[in-house]
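# Report on the structure
Residues per chain are reported as follows:
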Amino acid sequence: MAGNDWINSYLEAILDSGRIDGDKQSLLLRERGRFSPTAYFVEEVISGFDETDLYKSWVRAAATRSPQERNTRLENMCWRIWNLARKKKQIEGEEAQHSAKRRLEREKARREAAADMSEDLSEGEKGDHAGDASAHGDSHRGRMPRIGSAETFDAWANQQKEKKLYIVLISMHGLVRGENQELGRDSDTGGQVKYVVELARALGAMPGVYRVDLLTRQIQAPDVDWSYGEPTEMLPPRTDVLTPGESEEGLQVEGGESSGAYIVRIPFGPKDKYLHKELLWPYIQEFVDGALSHILQMSKVLGEQVGDGQPVWPAAIHGHYADAGDSAALLSGALNVPMVFTGHSLGRDKLEQLLKQGRQTRDEIYSTYKIMRRIEAEELALDASEVVITSTRQEIEEQWRLYDGFDPILERKLRVRIKRGVNCYGRFMPRMVVIAPGMEFNNIVVHDTDMEGEVDLEDNPASPDPPIWKKIMRFFTNPRKPMILALARPDPKKNLLTLVKAFGECRPLRELANLTLIMGNREEIDEMSSTNASVLTSVLKLIDKYDLYGQVAYPKHHKQSEVPDIYRLAAKTKGVFVNPAFIEPFGLTLLEAAAHGLPIVATKNGGPVDIHRALDNGLLIDPHNQEAIADALLRLDADRQLWARCRQNGLKNIPLFSGPEHCKTYLSRITSCRPRQPQWRRNEDGSEKSEPDSPSDSLRDIQDISLNLKFSLDGDKTEDASTLDSVDTATDGKNKLDRVVSKLSKGLDRGRHKAGPDEKNEQTGNSSKLPALRKRKHIVVIAVDSDSNEDLMATVKKIFDATEKDRASGSIGFVLSTALTIMEVHSALCSVDMPGTEFDAFICNSGSDLYYPSQNNEDNSSELPYVLDTDYHSQIEYRWGGEWLRKTLIRWAASVVNINDEGEAQVVTEDADRSSAYCHAFKVKNSSLVPPITELRKLMRIQALRCHVIYSHDGTKLHAIPVLASRSQALRYLYVRWGTELSNMVVFVGETGDTDYEGLLSGVHKSVILKGVCKSTSDRRFSSRNYSLSDVVAFDNPNILQIEPECKDIQSALNKLGMLKN
């Protein structure tokens, strides 16, 4: 009964029915007489259930006085167990089918990738052994010299001190503050909060790091402390954590006005509510927009301080957990800076564990935990990350390999190719790096333990014992016995019940030691969550069952600052620290215990394996084996020599996990990422804008207002564009396209320099009219995904009519955001005699191309009057598979066929006329026969091809664009490049739209949904979601309006949103 022993114990404790012989056992629950619910439970229930509901039923049964009613309740309970067992077996069968399908898909993808790369496949790439450590990531040990002395650290610090790095960390959920953390208050405020705060603090004190921002949510709810509503909180460096021989100056970079580490709280979501992480998903894009604004402002400030007037962009944006990973990916794409990700806890692994428990169906799990939204965020993080940091190899080998976007075998092959400078054929895989979390040990005072396990409670009055000692000691009849210490929330996965049973059923252990359970803070059990209350109640019942009064301590309250004193007390009694969790992702408490001189007994599942390998300071146990737990605890407590050896090993080896060691390894990985940052290229004539229009103008305009723009002739393709068919990489393709466009636009120089005399602040060259974007007070974005150009232009005219006066005054600008090509846009505008200059920008090809209208084309009427922003391409080209992605898509398209009486007909074909350098376009002849977009996205990911696939035009068109390109990201680019405030934008959309439709609804901009428009494009197969729309968009947001598509309704909505003056 692995994992459910505690339930069985209740059955045994309450049931008085005798056991029956094996040959007479019956599984018929309605059979009276010698039926034993206990025996049935033992025989039929499979391990892994969280039996909270069964326990509650059992309590009610035990409280029933009538024997007949009691037996009926017990029988009903067994029926429930039987149903759970059936459900579990059914779910296990379904999961086995899912696993087999996933395995076949991955093997097929490997074969196709190997075939593409077979031309230069080397012997070093042919191994398929996933167990090879080099295939999964690097451990920092053995790779870099340890900071073992002040001289070593000083030498390393001198190499780094000239750097002025700006690092952004993101941890969105929970209650985050620097001091007096409320760890254990809820499931969102735990070890991750402590880790990210201490990481930010430690990084801020490292040489070469100028500033660290930890971005989290600003919370101004009445049920939380006011400090969580403060916009900024400084994290001063610890002055008591220096190793002997180190100076405070040696750890800190040269200070400045904005240097150091800070918690920056970004307001998003309901202002007066504290939301758990499962409810934050609809507000992710709102956080991204707020964080983007902060980073841009800070980059400008740091540029003035240490960047010689040039902005200091983040060296990396590091997301912690899935929600922050999603946000970091979008920020990384908007700013073109490297991204790093740490999962902490992974959604696919949690989904597997929940399915194994069998208490909920897939749909129930999806609804409760928003698990599919979380998994997609983690997949996106894999798409965008340069480096994924894990705590252990187990996390890579058993958890990350469950994801479509990571294959350890393919990752190994790609890494070998990169090291040898061999073409990877458009395939990319994030680098998995094992970096164990670090902590500061130098403020820990380790006392000698030369007494024979005794505690003197009458210490010198000049140095009284910590108050928490007395709170614990009052529980014990004999407080001098060694203490077995467990520190964990009362959560079923922490396995505290098995620990109490192991202690209670081992008489020698009870006689030798005391047990202390630090299970968070509580007021009343009834006020706790049902799961935690159930576990705590079960602990109390087990204490009563085994009569452990005077031998087990379970204090109600403790402060976070008192945790070191608890470790000290356990060490003073020559005790042992135990972590019996079913699985432990890392085990920071094991490091804390080792630093205080406590040997450990820990689960063999997860991070403790790596910790034990490094520290060699205890024993590993099977958490399901009650006897093994008791034997390990007894062995360490009884064998004083073994205890002393484990203690000494822990104290000797703990510097491997020190804060400076961790930060040094972390920084080495961050700085090894390929540098990326916004690079606005200058015009060929070298001209620049002399000064900004106002002090509030965009940072980008202060840096360099010029664009490197090329004319695009006849849409995105020219007659010379066939030369691009042989392109091997996206970069080569872009360069060749630039040369073609430049060649064809040679006769246009005269038109380029026709600037009026009153335009003294306008930029010369291609972009002479482009700064008008910055002058607009408001921007109206028309992103209606109509099936026909006629419907689209009808909607455009209605919006123009509703804003006629403000449009004439120049206070409102317009952007058209569409899946159409620029040629199709031009044709649509010409069909209604509308000049392109009515718009300030055109986001085309589903967000892969950005154009501006040109007014300097009078003498070249044969050319399209638009200029292409190639700087935007430099922003989105990250991990673009180029020609190799195109070939893979063509191969996939050939496999999608319609079999009828006339034979096979290909359903999807390449649309070369609509394709561009950063958009592979395909025609869909029968949209009912194509697979869901989620399946195509999955296929690309398992082949390590990173792209954003989009169905448009009611599923009749398919686009593949760079992974971080989209229409919503293009709006962020306009903000980063031109300073067009996102909060001053209003986006018009239909009731449904293309695959990227949902991304246009959320954020700090306003959204207006036109009822009855685009209702036909509602097929779920065309949506990128396999979860509810409510997990993406908060429709109760006052910035989202739904109106009729009439002129007066549009005008009224814009007035309500404060967008119109006239």
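Residue indices follow the written sequence of each chain, beginning from 1 at its first position. In keeping with the model being predicted, local features are shown solely for residues with a pLDDT of at least 70 and side-chain atom pairs are shown and tallied solely at 80 or more, while totals for entire chains, interfaces and linings include all residues. To obtain the side-chain values, all non-hydrogen atoms of the structure were included, while hydrogens and water were left out.

The test is simple: UniProt positions are given in the numbering used here, feature names are shortened, and annotations may be inferred rather than shown by experiment.
The chain has the name Sucrose-phosphate synthase in an unreviewed UniProt entry, where Xerophyta humilis is given as its organism. As stated in UniProt under Sequence similarities (unreviewed entry), the record for the chain gives "Belongs to the glycosyltransferase 1 family." For the record of the chain, the UniProt heading Pathway (unreviewed entry) holds the text "Glycan biosynthesis; sucrose biosynthesis; sucrose from D-fructose 6-phosphate and UDP-alpha-D-glucose: step 1/2."

## Some points on unusual backbone geometry
Put simply, the rule is: Elements are defined by DSSP. Helices are runs of H or I of four residues or more, strands are runs of E of two residues or more, and each kind is numbered from the N terminus.
Of note, the phi angle at H344 is positive, near 65°, even though the residue is not glycine. Note that H344 resides in the loop between β7 (339-342) and α10 (347-357). Positioned with a positive phi, N495 is a non-glycine residue whose angle comes to about 65°. Among the structural elements, N495 can be located in the loop between β10 (483-487) and α16 (496-505).

## A short note on the pattern of salt bridges
To keep things clear, this is the line we draw: By convention in these notes, a salt bridge is any Lys or Arg side-chain nitrogen within 4 Å of a carboxyl oxygen on Asp or Glu. Partly exposed describes any residue whose relative accessible area lies between the buried limit of under 20% and the exposed limit of over 50%, with all areas from a 1.4 Å probe on protein chains only and scaled to the type maximum.
Per the counting criterion, the structure on display carries 35 salt bridges. Residues R348 and D404 are paired through a salt bridge, measuring 3.6 Å at the closest nitrogen-oxygen approach. Taken as a pair, R348 in helix α10 and D404 in the loop between α13 (393-399) and α14 (408-419) lie far apart in primary sequence, 56 residues in all. In this structure, E376 and R937 form a salt bridge, with 3.5 Å as the shortest nitrogen-oxygen distance. Of this pair, E376 sits in helix α12 (residues 371-384) while R937 sits in helix α34 (residues 933-942); the two residues are 561 residues apart in sequence, bridging distant segments of the chain. The exposure class of R937 is buried, given its relative accessible area of 13%. Put simply, E376, D383, R937, R941 and R946 are held in one network by salt bridges that share partners.

## Digging into the sheet that holds strand β13 (residues 576-579)
For clarity, the cut-off: A pair of strands is treated as paired once DSSP finds two or more bridges between them. We call two residues contacting when some pair of their heavy atoms lies within 4.5 Å. Lines fitted to the C-alpha atoms define the axes, with helices restricted to the stretch that makes contact. Angles between their N-to-C directions range from 0 to 180 degrees.
Reading across the sheet, the six strands line up as β12-β11-β10-β13-β14-β15 and stay open at both edges, with parallel pairing between neighbours. With one partner strand each, in any of the chains shown, β12 (552-553) and β15 (618-621) form the two edges of the open sheet. Examined bridge by bridge, strand β14 (residues 600-603) and β15 share four bridges and lie parallel to one another. For I600, the partnering residue across the bridge sits in β15 and is G618. Each of β10, β11 (514-518) and β13 touches helix α19 (residues 563-572); the most contacted strand, β10, lies at about 155° to it. Against the sheet, helix α20 (residues 588-595) touches β10, β13 and β14, its axis set at about 175° to β13.

## With respect to the packing of helix α8 (residues 284-306) against helix α9 (residues 321-335)
Quick note on the threshold: In what follows, roughly perpendicular refers to angles from 65 to 115 degrees, roughly parallel to angles under 35, roughly antiparallel to angles over 145, and oblique to any angle outside these ranges. It is the rotation of the near helix from the far one that decides the hand of a crossing: anticlockwise by less than a right angle makes it left-handed, clockwise makes it right-handed. Gly is put with the polar residues, along with every residue not named as nonpolar or charged; the nonpolar set is Ala, Val, Leu, Ile, Met, Phe, Trp, Tyr, Cys and Pro, and the charged set is Asp, Glu, Lys and Arg.
Where α8 contacts α9, the two axes come as close as 10 Å, and the packing angle between them is 50°. Compared by their axis directions, α8 and α9 come out oblique. The way α8 lies across α9 gives a crossing that is right-handed. Facing α8, whose interface residues are I284, Q285, F287, V288, A291, L292, I295 and L296, α9 presents D323, D326, S327, L330, L331, A334 and L335. Here the contact of α8 with α9 is built from residues that sort into 11 nonpolar, two polar and two charged.

## A word on the sheet that holds strand β24 (residues 908-910)
The four strands are arranged β24-β25-β27-β26 in an open sheet whose pairing can be described as antiparallel. Either end of the sheet is taken by a strand with one partner, and the two such strands are β24 and β26 (947-952). Neighbour-to-neighbour, the strand axes of the sheet open up by a mean angle of 25°, direction not taken into account. Here four bridges tie strand β25 (residues 920-924) to strand β27 (residues 957-962), and the two strands are oriented antiparallel to one another. What sits directly across from F922, in β27, is L958. Sheet strands touched by helix α33 (residues 882-895): β24, β25, β26 and β27. Its angle to β25, the strand with the most contacts, is close to 15°.

## Let's talk about the packing of helix α6 (residues 191-204) against helix α24 (residues 659-671)
Their axes nearest at 10 Å, the elements α6 and α24 cross at an angle of 80°. In this view, α6 runs roughly perpendicular relative to α24, as classed from their interaxial angle. Where α6 abuts α24, its residues Y195, L199, A202 and L203 lie against H662, C663, Y666 and L667. Among the residues forming the contact of α6 with α24, the class breakdown is seven nonpolar, one polar and no charged.

## Re the pairing of strand β3 (residues 209-217)
As a reminder of what qualifies: When the strands point away from the viewer and the path from the first strand over the helix to the second turns clockwise, the crossover is right-handed.
Along β3, nine of the nine residues are buried, which leaves the element largely enclosed by surrounding structure. Handedness of the crossover joining strand β2 (residues 165-170) and β3 through α6 is recorded here as right-handed. Pairing geometry for β3 and strand β5 (residues 260-266), over seven bridges, is parallel. In the sheet register, R217 faces β5, and the bridge partner there is I266.

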